[in-house]
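Chain by chain, the residues:
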Amino acid sequence: MLKPLEDRVVVQPLEAEQTTASGLVIPDTAKEKPQEGKVLAVGPGRWDDEGSKRIPLDVKEGDIVLYSKYGGTEVKYDGEEYLVLSARDLLAVVEK
């Protein structure tokens, strides 16, 4: 598995909705990029300004998060597609 460095997070994007609320099927060409995903791995955090201690991240493995639409780097690893995001690209944790 991928192990992110510093304040980076590995996210597996969740599939976008296939139909609208009224039941219309959305074709692949009209779908927006998903902005929701599951956190698979979390880095140890970045160093503070003095370089003496790490600042932990606010997310943990298994969290469902919302992330910036064009943030991060898309990575294909072992046949799966993932996003490697900086903690600053994460917008919110989805609580259910």
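Structure: see above.
These numbers come from a predicted model, not from an experiment. (Residues numbered from 1 in each chain as written. Predicted model: local features only at pLDDT ≥ 70, side-chain atom pairs only at ≥ 80, totals over all residues. Heavy atoms only, no water.)

What follows covers the environment of Arg54. Summarising the element assignment, Arg54 is placed in strand E4 (residues 54-55). In this structure Arg54 comes out as partly exposed when scored by relative accessible area, which is 34%. When the C-alpha atoms of Arg54 and Pro44 are compared, they prove to be 7.4 Å apart, with ten residues separating the residues in sequence. If we skip the residues at most four places from it in the chain, Arg54 touches Glu6, Pro44, Gly45, Arg46 and Trp47. Of note is the side chain of Arg54, whose polar atom sits 2.5 Å from the backbone oxygen of Gly45. (Helix = DSSP H or I, 4+ residues; strand = E, 2+ residues; numbered from the N terminus. Buried < 20%, exposed > 50% of the residue type's maximum accessible area, 1.4 Å probe, protein only. Contact = heavy atoms within 4.5 Å. Polar contact = N/O pair within 3.5 Å; in protein donor to acceptor, adjacent residues only side chain to side chain.)

Attention now moves to the sheet that holds strand E7 (residues 80-86). By way of backbone hydrogen bonds, the strands of a sheet pair with one another, either parallel or antiparallel. Read from one edge of the open sheet, six strands run E6-E7-E1-E2-E5-E8, paired in antiparallel fashion. Since the sheet does not close on itself, it has two edges, and those belong to strand E6 (73-77) and strand E8 (90-94), each with one partner. Going from strand to strand, the sheet's axes swing by 45 degrees on average, the running direction of each strand aside. Across four bridges, the pairing between strand E1 (residues 8-13) and E7 is antiparallel. What sits directly across from Val10, in E7, is Val84. (Pairing = 2+ DSSP bridges. Axes fitted to C-alpha atoms, helices over the stretch in contact; angles between N-to-C directions.)

Taken as a whole, the second largest pocket holds about 230 Å³ of empty space. Lining the second largest pocket are 13 residues, and of these Leu57, Asp58, Ala87, Arg88 and Leu90 sit closest to its centre. No other element matches E8, which puts four residues into the lining of the second largest pocket. Among the residues forming the lining of the second largest pocket, the class breakdown is nine nonpolar, no polar and four charged. (1 Å grid on protein atoms, 1.4 Å probe; cavity = no way out; pocket = protein on both sides within 12 Å on 5 of 7 lines; lining within 4 Å. Points joined across faces, edges and corners; volume = space filled by probe spheres on them. Nonpolar A, V, L, I, M, F, W, Y, C, P; charged D, E, K, R; others polar.)

Val9, Val11, Val39, Leu57, Val59, Val65, Tyr67, Leu83, Leu85 and Leu90 form the largest nonpolar core, which has ten residues in total. For this core, the secondary-structure elements that each account for two or more residues are E1, strand E5 (64-67) and E7. (Core = buried A, V, L, I, M, F, W, Y, C linked by side-chain atoms within 4.5 Å.)

Function-wise, these values are silent; they only describe arrangement.
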